Amino acid sequence: MTAPISGDGVFSHVTVGSNDMDVSTAFYDSVLDTLDMKNLGPFGSGWVLYGKDKPAFILVPAGNGKPASSNGVTIGFAAASRDIVDAFHKAGLAADGTDEGAPGPRDHLPNAYAAYLRDPSGNKICAYCFEPK
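Rules behind the numbers
- Residues numbered from 1 in each chain as written.
- Predicted model: local features only at pLDDT ≥ 70, side-chain atom pairs only at ≥ 80, totals over all residues.
- Heavy atoms only, no water.
- Helix = DSSP H or I, 4+ residues; strand = E, 2+ residues; numbered from the N terminus.
- Buried < 20%, exposed > 50% of the residue type's maximum accessible area, 1.4 Å probe, protein only.
- Contact = heavy atoms within 4.5 Å.
- Pairing = 2+ DSSP bridges.
- Axes fitted to C-alpha atoms, helices over the stretch in contact; angles between N-to-C directions.
- Core = buried A, V, L, I, M, F, W, Y, C linked by side-chain atoms within 4.5 Å.

How do you make sense of the environment of Ala 91 when you look at a structure like this?
Its location among the elements puts Ala 91 in helix H2 (residues 82-94). In this structure Ala 91 comes out as buried when scored by relative accessible area, which is 12%. As a C-alpha pair, Ala 91 and Val 31 span 60 residues in sequence and 5.4 Å in three-dimensional space. When neighbours within four sequence positions are excluded, Ala 91 is seen to be in contact with Ser 30, Val 31 and Thr 34.

Teacher, can you tell me more about the sheet that holds strand S8 (residues 124-129) here?
Think of a sheet as strands paired side by side through backbone hydrogen bonds, with each pair either parallel or antiparallel. Taken together, four strands build an open sheet; the order of strands is S5-S8-S7-S6 and the sheet is mixed. Two strands close off the open sheet at either side, each with one partner strand: strand S5 (74-78) and strand S6 (98-105). In this sheet, neighbouring strand axes are inclined to one another by 15° on average, regardless of whether the strands run parallel or antiparallel. Here strand S7 (residues 113-118) runs beside S8; their pairing, made up of six bridges, is antiparallel.

Even after reading the chapter, I still don't get the nonpolar core, so can you show me in this structure?
Within soluble globular proteins, side chains that are nonpolar tend to cluster in buried spots. Within the largest apolar cluster, 25 residues are counted, with the highest numbers of intra-cluster contacts made by Tyr 28, Val 31, Leu 32, Phe 57, Phe 77 and Ile 125. For this core, the secondary-structure elements that each account for two or more residues are helix H1 (21-33), strand S3 (47-51), strand S4 (55-61), S5, H2, S7 and S8. Per element, the largest residue contribution to this core is five residues, and it comes from H1. Those residues in contact with Val 31 that lie beyond four places of it in its chain are Phe 88, Ala 91, Gly 92, Leu 117 and Ile 125. Counting five residues, the second largest nonpolar core, distinct from the first, contains Ala 112, Ala 114, Cys 126 and Tyr 128.

Function cannot be inferred from these measures alone, as they are strictly geometric.
Now the structure itself:
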């Protein structure tokens, strides 16, 4: 028996930890805006929710008293065009992110074009599109 799947994606949401919620919120407000994802406001104990029409990306204070860490994890966001990938990367650098891979073609998949960043807490994120040039 196969369980029904709701929505278009595999995941209901992604959560990342922050070492400084003010700095991280400013960073994600900037980069996610390029992808038409909005800050949907605070929730619970200092969480910040992002999405288009429902929460999909959740920013939280590090929960166990230790620094936030996502070593080995990368969160990929879908972008509609190469120009949006470029804008995502530029916005991230301007908002205290660090470069982890400049915008450009990626050889592993046809038409793959991506950019990678680390947020101010060290979480690795990227934006990808698969539109031809």
